[in-house]
Amino acid sequence: MPDIDKSQVSAAFDRAASGYDAMATFQHAVCDRLATTLPGLTPQRILDGGCGTGYGASLLRQRWPSALLVGCDLAPAMLRQAGARGVAPVCGDLERLPFADASFDLVWSSLALQWCQPALAYAELQRVLAPGGLLVFATLGPGTLHELEGAFASIDTHRRVLPFAPTEQVEAALAGAGFARFQVTSEPWVTHHTDFKALLATIRGIGANQIGGNRRQGMMGKSTWQTAQARYEALRDANGLLPATYRVVLGWAQKRR
């Protein structure tokens, strides 16, 4: 996975922060799904890694109202909103967490790890967990937004979709980080959109249009847009909507006692 310019990611999510929750239907649904995987434990110190505006943290607060709940994110504007939800906000990168070893009993991360190098991020999450502590996470795998990738295929050399880590790479990163045991699964999610412009707006509106690497730096040409739109239009389903597929990777890992 190529390096991603984290300053671009931070700036993009900062710009998106004010309207993020209105656009983040899929992201909130994944948080809700991840919350169903939480085991019956009583953590006293919880980290939401890549907390965004704090939607996931609010679910954790409902489950464990007396726990210390810390939210870490790259984007200061996102953290300000998370702070308003009762989260202790800390600006930081999941690949270089600004916390001491064994700081948390539970680490939660929903749809943030796809922006990271797996070997670096999972090692850091393991480091900040207390012995016996648990990591629960959701990220994205290969096949995510394959319709969008196909619509732009061979039009130019610019990448529209992140090179998501496959589950095998995630498992290897968890094993390499030293977790005692872990489980990783994946499942497809399909969202539906009225038109091509609306579909792209849901991606841009949550700040996820910044992917680093060979991302397009200027305006898209009219012919490029029209070609991609025509290709995507051919995918309309029986209800007249355009699909966007996400491969959601769900997992948990426990640190050795």
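These numbers were taken from a predicted model, which means no experiment stands behind them. (Residues numbered from 1 in each chain as written. Predicted model: local features only at pLDDT ≥ 70, side-chain atom pairs only at ≥ 80, totals over all residues. Heavy atoms only, no water.)

**Quick notes on the pattern of salt bridges**
As a reminder, the rule being used: Any carboxyl oxygen of Asp or Glu that lies within 4 Å of a side-chain nitrogen of Lys or Arg is treated as forming a salt bridge with it.
Counting across every chain of the model gives nine salt bridges. Put simply, K6, D93, E95 and R96 are held in one network by salt bridges that share partners.

**A look at the packing of helix α9 (residues 196-204) against helix α10 (residues 222-233)**
The condition is simple: Axis lines are fitted to C-alpha atoms, over the contacting stretch for helices. Their N-to-C directions set the angle, which ranges from 0 to 180 degrees. By definition, any uninterrupted DSSP run of H or I lasting at least four residues is a helix, any uninterrupted run of E lasting at least two residues is a strand, and each is numbered from the N terminus. Angles below 35 degrees are treated as roughly parallel, those above 145 as roughly antiparallel, those between 65 and 115 as roughly perpendicular, and all remaining angles as oblique. Note on definitions: a residue-residue contact is assigned when non-hydrogen atoms from the two residues lie within 4.5 Å. Residue polarity follows a fixed list, in which Ala, Val, Leu, Ile, Met, Phe, Trp, Tyr, Cys and Pro are nonpolar, Asp, Glu, Lys and Arg are charged, and the others, Gly among them, are polar.
Close contact between α9 and α10 brings their axes to 10 Å; oriented N to C, the two are set at 105°. By the angle class used here, α9 and α10 are roughly perpendicular. Note on element contacts: α10 touches α9 through W225, A228, Q229 and Y232, opposite F196, K197, L199, L200 and R204. Broken down by class, the residue content of the contact of α9 with α10 amounts to six nonpolar, one polar and two charged.

**Details of helix α5 (residues 76-84)**
What counts is decided by this rule: Think of it in three bands: residues with accessible area under 20% of the maximum for their type are buried, residues over 50% are exposed, and the middle band is partly exposed, with areas taken using a 1.4 Å probe on protein chains only.
Turning to α5, its buried residues number three or more, namely A77, M78, L79 and A82. Where α5 is buried, its residues touch α1 (6-16), α2 (20-23), β2 (68-73) and β3 (88-91). Note on α5: the residue one or two positions beyond its end, G86, has a positive phi of about 85°.

Without other data, these values stay purely geometric and don't point to any function.
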